Amino acid sequence: MDRSTALRAAAAAVVAAVAFTGCSAVMPGALDRQQPATLTGTGPGVTDSTVKVVFVGVDLGTTGSSLGFRTADAGDLPAQVKALEEHVNANGGIAGRRLQAVFRSYEASNDSPAAEEKLCNQITQDDRAFAVVLTGQFQSNARPCYASRGTLMLDATLVPNDDATYAKLSPYLWSASYPGYDEFVKALLTSLNGEGFFTGADAVGVVAADTPVNKAVYERLAEPELKRLGVAPTVSWVDTTDLGTLNAGLNQAVVDFRSKGVARVMFLGGARLASFFLTTAAAQSYTARYAVSSFDNPAFLVNNPGTIPAAALDGMVGIGFNPSQDVPDSRLPFPGGDAERACLDIFAKGGQSFKTRENARVAFTYCDAALLLHAAAKDLGANLNAAAFAQAASALGDRFTPAAGTRGLLGGDRRAAGDGYRVLAYDPGCSCFTYRGEEKRFAG
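Let me begin by describing the structure that accompanies this report. (Residues numbered from 1 in each chain as written. Predicted model: local features only at pLDDT ≥ 70, side-chain atom pairs only at ≥ 80, totals over all residues. Heavy atoms only, no water.)

## Examining the sheet that holds strand β9 (residues 289-293)
One open sheet holds the seven strands; their spatial order is β7-β6-β8-β9-β10-β11-β12, and the pairing between them is mixed. In the strand order of this sheet, the two ends are held by β7 (232-238) and β12 (432-441), each with one partner. With direction set aside, neighbouring strand axes in the sheet form an average angle of 20°. Sheet topology note: the strand β8 (residues 264-268)/β9 ladder contains three bridges and is parallel. Note on β9: the bridge partner recorded for Val265 is Tyr290. Running over the sheet, helix α8 (residues 212-228) touches β6 (203-209), β7 and β8 and is turned about 160° from β7. (Pairing = 2+ DSSP bridges. Helix = DSSP H or I, 4+ residues; strand = E, 2+ residues; numbered from the N terminus. Axes fitted to C-alpha atoms, helices over the stretch in contact; angles between N-to-C directions. Contact = heavy atoms within 4.5 Å.)

Structural data, given as structure tokens:
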């Protein structure tokens, strides 16, 4: 890639960053006080015979067509939601009530705190939903908004939530598919050390989304552990508030890393920062060895060679917990475990099929959310509310396995069901990412 091409790609990546991540600021006065939760009675969107759940789908059409990036077709999302509704209702519904599943499309190119508040208002006030399945809602004001309205959240967005956030927004915030951020950071650094990522290096660059959650986990877990491993971290906090701050943050990170001779770089906070940084670094002829994870959407990195420099992928290593966005079917047979097969059967009965696992990446998270709701609410009867759901979901333990993951574990303070991961590494032979070694447990 010549310098002019790289610069154009960098500009495109920055624009895409705004579309995918938007701002981090919370709109003043946008949130109500979080409603108290009780174990008795019913939550919003619940009648004697029905319960309403909204599934959010992110529309990438405008952003993708304007920038020319590729994402695998996720299929007919409304039809997938309908198939889940039919399955749940044919098997007892939600706490004996008929599931009313509503699909809402959210335009990625319009993402902003104001747009997130508008979506929250639509779902909590217009739809009056008991629960919402979130996909692609990156804004800091989104999850507190739903909690303040007493709306249960099943978060299927690849955005990290730490233990403190789950506790603060309890009992409303859950992930049916992914791990919690604290245990993820611990597992990532342990795995990188075991894979020799830090060998021969006395420093590491950290490109981090400038969010309260990310800062708290970095300061409490990542920074001390990196120092214990003998590598001095240089962190660049990237403010995604607007195009100017994002561009400045990415470019400054490259300048800082180069000036300090940093030859190892890792990413924290998800939100596709890895892909944006790689393009910006190429425009400045900066190279390093990179660490990535499922939070960085590895499939996107290999699907977009026109935006992501191929040379930047060499030597990449990290951990993966989301096969549908980590590795191709040639490296992990599709379908895989029982949870995947169960969800595929549900969709097949609704006339929905998927050529590859990546095509099913959104459908699997929808399925995880619907089946977790179904399983936890089975015996709640009259008391279908967030607090009662939390108590019942925690009691599931390891009996719930996400289709978007490989193992599941709930209970105690765990509000994120994903509990399995493997070492993830780029293989130049297949120009793809692949898994290494045995699967491990986050809670192990």
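That was the structure; now back to the text.
## Section: the state of the cysteines
Applying the stated criterion across every chain, the model contains three disulfides. Across the disulfide, Cys430 is cross-linked to Cys432 (sulfur-sulfur distance 1.9 Å). Taking the sign of the S-S torsion, -85° for the link of Cys430 and Cys432, the bridge is left-handed. Counting its disulfide-bonded cysteines in sequence order, the protein chain shows a connectivity of 1-2, 3-4, 5-6. (Disulfide = S-S within 2.5 Å.)

## Description of the sheet that holds strand β2 (residues 98-107)
Paired through their backbone hydrogen bonds, the strands of a sheet run either parallel or antiparallel. Across the sheet, which stays open at both edges, the five strands sit in the order β2-β1-β3-β4-β5 with parallel pairing between neighbours. The two strands at the open ends of the sheet, each matched to only one other strand, are β2 and β5 (173-174). Strand direction decides the pairing type here: strand β3 (residues 131-134) and strand β4 (residues 152-155), joined by four bridges, are parallel. Across the sheet, residue Leu134 finds its bridge partner in β4, namely Asp155. Against the sheet, helix α3 (residues 77-90) touches β1 (50-59) and β2, its axis set at about 165° to β2.

## What to know about helix α4 (residues 113-126)
In this model α4 runs 19 Å from its N-terminal to its C-terminal C-alpha over 14 residues, within 8% of the 20 Å that 1.5 Å per residue would give. Buried within α4 are the following residues: Pro113, Ala115, Glu116, Leu119, Cys120, Ile123 and Thr124. Looking straight down α4, one finds that the buried residues subtend no more than 165° of arc, so they occupy a single side. Turned more than 90 degrees away from the buried face of α4 sit Lys118 and Asp126, all of them exposed. Summarising the contacts, the buried residues of α4 are in contact with β1, β2, β3 and α5 (142-148). (Expected span 1.5 Å × (residues − 1). Buried < 20%, exposed > 50% of the residue type's maximum accessible area, 1.4 Å probe, protein only. Arc of directions from axis to C-beta.)

## Focus on the side chain of Ser191
Relative to the helices and strands, Ser191 resides in helix α7 (residues 181-194). Within the structure, the side chain of Ser191 is placed 2.9 Å from the backbone oxygen of Ala187, a separation counted as a polar contact. Sequence-distant contacts of Ser191, that is, excluding residues within four places in its chain, are made with Ile319, Tyr421 and Val423. (Polar contact = N/O pair within 3.5 Å; in protein donor to acceptor, adjacent residues only side chain to side chain.)

## Digging into the nonpolar core
Within the largest apolar cluster, 74 residues are counted, with the highest numbers of intra-cluster contacts made by Phe55, Leu373, Leu384 and Phe389. With 10 residues, helix α13 (residues 361-376) is the largest single contributor of residues to this core. In this structure Leu373 touches Val53, Ile94, Phe130, Ala131, Leu152, Leu154 and Phe389, once residues within four positions along its chain are discounted. (Core = buried A, V, L, I, M, F, W, Y, C linked by side-chain atoms within 4.5 Å.)

## Examining the pattern of salt bridges
In this structure the tally under the stated criterion is 15 salt bridges. In this structure, Lys82 and Glu85 form a salt bridge, with 2.8 Å as the shortest nitrogen-oxygen distance. Within this pair, Lys82 and its partner Glu85 are both found in helix α3, separated by three residues, close to a single helical turn. Accessibility expressed as a relative area gives 42% for Lys82, which makes it partly exposed. Measuring nitrogen to oxygen at the nearest pair gives 2.6 Å for the salt bridge that ties Arg357 to Glu340. Of the two residues, Arg357 is situated in the loop between α12 (338-349) and α13 and Glu340 in helix α12; the sequence distance between them amounts to 17 residues. Both residues of the pair, Arg357 and Glu340, count as buried. One continuous salt-bridge network, built from bridges that share partners, spans Glu183, Arg414, Asp419 and Arg441. (Salt bridge = Lys/Arg side-chain N within 4 Å of Asp/Glu carboxyl O.)

## Details of the packing of aromatic side chains
Applying the stated criterion to the full structure yields 19 aromatic pairs. Seen from their ring centres, Tyr218 and Trp237 are 5.4 Å apart, and the 90° between their planes marks the pair as edge-to-face. Of this pair, Tyr218 sits in helix α8 while Trp237 is found in strand β7, placing the two residues 19 residues apart along the sequence. Summarising the aromatic geometry, the rings of Phe295 and Phe321 are spaced 5.1 Å apart at their centres and angled 65° between planes, so their arrangement reads as edge-to-face. A residue pair is termed long-range when its members are at least 10 positions apart, and Phe295 in the loop between β9 and α11 (298-303) and Phe321 in the loop between β10 (317-320) and α12 qualify at 26 residues. We note that Phe295, like Phe321, is buried. Through a chain of ring-to-ring contacts, three or more aromatic side chains come together here, namely Tyr178, Tyr181, Phe184, Phe295, Phe321, Tyr421 and Phe442. Lying across the ring of Trp237, Lys215 places its NZ or CZ 5.3 Å from the centre. (Phe/Tyr/Trp six-rings, centres within 6.5 Å; stacked < 30°, edge-to-face > 60°. Lys NZ or Arg CZ within 6 Å of the ring centre and 35° of its normal.)

## Section: the pairing of β6
Of all seven residues in β6, seven are buried, a share of seventy percent or more. Here β6 shows no split at all, with Ala203, Gly205, Val207 and Ala209 on one side and Val204, Val206 and Ala208 on the other all buried. Judged from the seven bridges that link them, β6 and β7 form a sheet pairing that is parallel. Residue Ala209 lies in a different strand from β7, and its bridge partner there is Val238. Each parallel crossover has a hand, and for β6 linked through α8 to β7 it is right-handed. (Right-handed = clockwise from strand over helix to strand, strands pointing away.)

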